[in-house]
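The lines below spell out each chain.
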Amino acid sequence: MNKLINCLMAGLVLVLLGCDPDNPVDPGGTTEDSNIGTVEFDFPVPARNAPTSGVHRIDLSLATTAYDLYRGDFLISANVSDRERTYTFRLTPGDYYYQAGITCSCLGDTCLWDGFPGGRFGTKWDMDRITVVKGEKLAKTIVFN
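Rules behind the numbers
- Residues numbered from 1 in each chain as written.
- Predicted model: local features only at pLDDT ≥ 70, side-chain atom pairs only at ≥ 80, totals over all residues.
- Heavy atoms only, no water.
- Pairing = 2+ DSSP bridges.
- Helix = DSSP H or I, 4+ residues; strand = E, 2+ residues; numbered from the N terminus.
- Axes fitted to C-alpha atoms, helices over the stretch in contact; angles between N-to-C directions.
- Disulfide = S-S within 2.5 Å.
- Buried < 20%, exposed > 50% of the residue type's maximum accessible area, 1.4 Å probe, protein only.
- Phe/Tyr/Trp six-rings, centres within 6.5 Å; stacked < 30°, edge-to-face > 60°.
- Salt bridge = Lys/Arg side-chain N within 4 Å of Asp/Glu carboxyl O.
- Core = buried A, V, L, I, M, F, W, Y, C linked by side-chain atoms within 4.5 Å.
- Contact = heavy atoms within 4.5 Å.

J.: Would you take a moment to explain the sheet that holds strand S4 (residues 86-91) for this structure?
T.: Whenever strands of a sheet pair, they do so through backbone hydrogen bonds, lying parallel or antiparallel. Strands sit in the order S4-S1-S7 across an open sheet of 3 strands; the sheet is mixed. Strands at the two margins of the open sheet, each flanked by one partner only, are S4 and strand S7 (137-141). Taking the axes of each pair of neighbouring strands and ignoring which way they run, one obtains an average angle of 20 degrees across the sheet. As defined by bridge partners, strand S1 (residues 37-42) adjoins S4 across 6 bridges and the pair is classed as antiparallel. When the sheet's bridge partners are listed, glutamate 40 is paired in S4 with threonine 88.

J.: Where do I start with the state of the cysteines in this structure?
T.: Here a disulfide denotes one covalent bond, and it connects the sulfur atoms of two cysteines. In this structure the tally under the stated criterion is 1 disulfide. One disulfide in the model links cysteine 104 with cysteine 111; its S-S distance is 2.0 Å. Residues cysteine 104 and cysteine 111 are joined through a disulfide that is left-handed, its torsion about the S-S bond being -75 degrees. Grouping residues by exposure puts cysteine 104 and cysteine 111 together as buried. This cysteine, cysteine 106, is not joined by any disulfide, and cysteine 104 carries the nearest cysteine sulfur, 3.9 Å off. A relative accessible area of 10% places cysteine 106 in the buried class.

J.: I would appreciate a short explanation of the packing of aromatic side chains in the present structure.
T.: Aromatic ring pairs are defined here through the distance separating the ring centres and the angle between the ring planes. With the rule as written, the count across this model stands at 4 aromatic pairs. For the ring pair phenylalanine 41 and phenylalanine 89, a centre distance of 5.8 Å and an interplane angle of 75 degrees mean the geometry is edge-to-face. Placement of the pair is phenylalanine 41 in strand S1 and phenylalanine 89 in strand S4, with a sequence separation of 48 residues. This pair shows no difference in class: phenylalanine 41 is buried, exactly as phenylalanine 89 is.

J.: Before we go on, may I ask you to explain the pattern of salt bridges in this structure?
T.: Tallied over the entire structure, the rule returns 6 salt bridges. Among the salt bridges present, the one from aspartate 114 reaches arginine 48, with a minimum N-O distance of 3.3 Å. One end of the pair, aspartate 114, is in the loop between helix H3 (110-113) and strand S6 (123-132); the other, arginine 48, is in the loop between S1 and strand S2 (55-63), with 66 residues separating them in the sequence. Taking relative accessible area as the criterion, arginine 48 reaches 47% and is therefore assigned partly exposed. Between arginine 71 and aspartate 73 there is a salt bridge, with its nearest N and O atoms 3.2 Å apart. Judged by relative accessible area, which is 39%, aspartate 73 ranks as partly exposed. Among the charged side chains, a network of salt bridges with common partners joins Asp68, Arg71 and Asp73.

J.: Sorry if this is basic, but what is going on with the nonpolar core here?
T.: What tends to happen in soluble globular proteins is that the nonpolar side chains get buried as a cluster. Phe41, Phe43, Leu60, Leu62, Phe89 and Ile142 are the most contacted members of the largest nonpolar core, which has 25 residues in total. With 5 residues, strand S5 (residues 94-104) is the single largest residue contributor to this core. Non-local contacts of phenylalanine 89, meaning those with residues more than four positions away in its chain, are made with Gly37, Thr38, Val39, Phe41, Leu60, Leu62, Ile76 and Ala78.

Put into structure tokens, the structure is as follows:
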């Protein structure tokens, strides 16, 4: 038993010595590509009839054409979460189409009263076109009607 504890302690010491917090490594590199534009989506969960704890983000995807967006041929999709509100993409300059979706999981008719089609587990969508400009940052707030 003592040999096992000694081996574990030696492994822990090696791991701790291997870390160098004074010299962090940036896996993405430190150089900024000036040929790229940035779009930052503010993805708030609307609070109306349904409580925000019952409304969930389910999708944030971008495509190069409206047709690609319609058929689900996305250029990139975010791994959306109920805990994250802001999503950032670095893209080459040009026009893009995005879609964002939320769903409601409240019981009763709460989702229906809040305008979710079909009530519980119905989905609301926001779609639009954005233009990414080289070297600039675009801020877009998602609004569900």
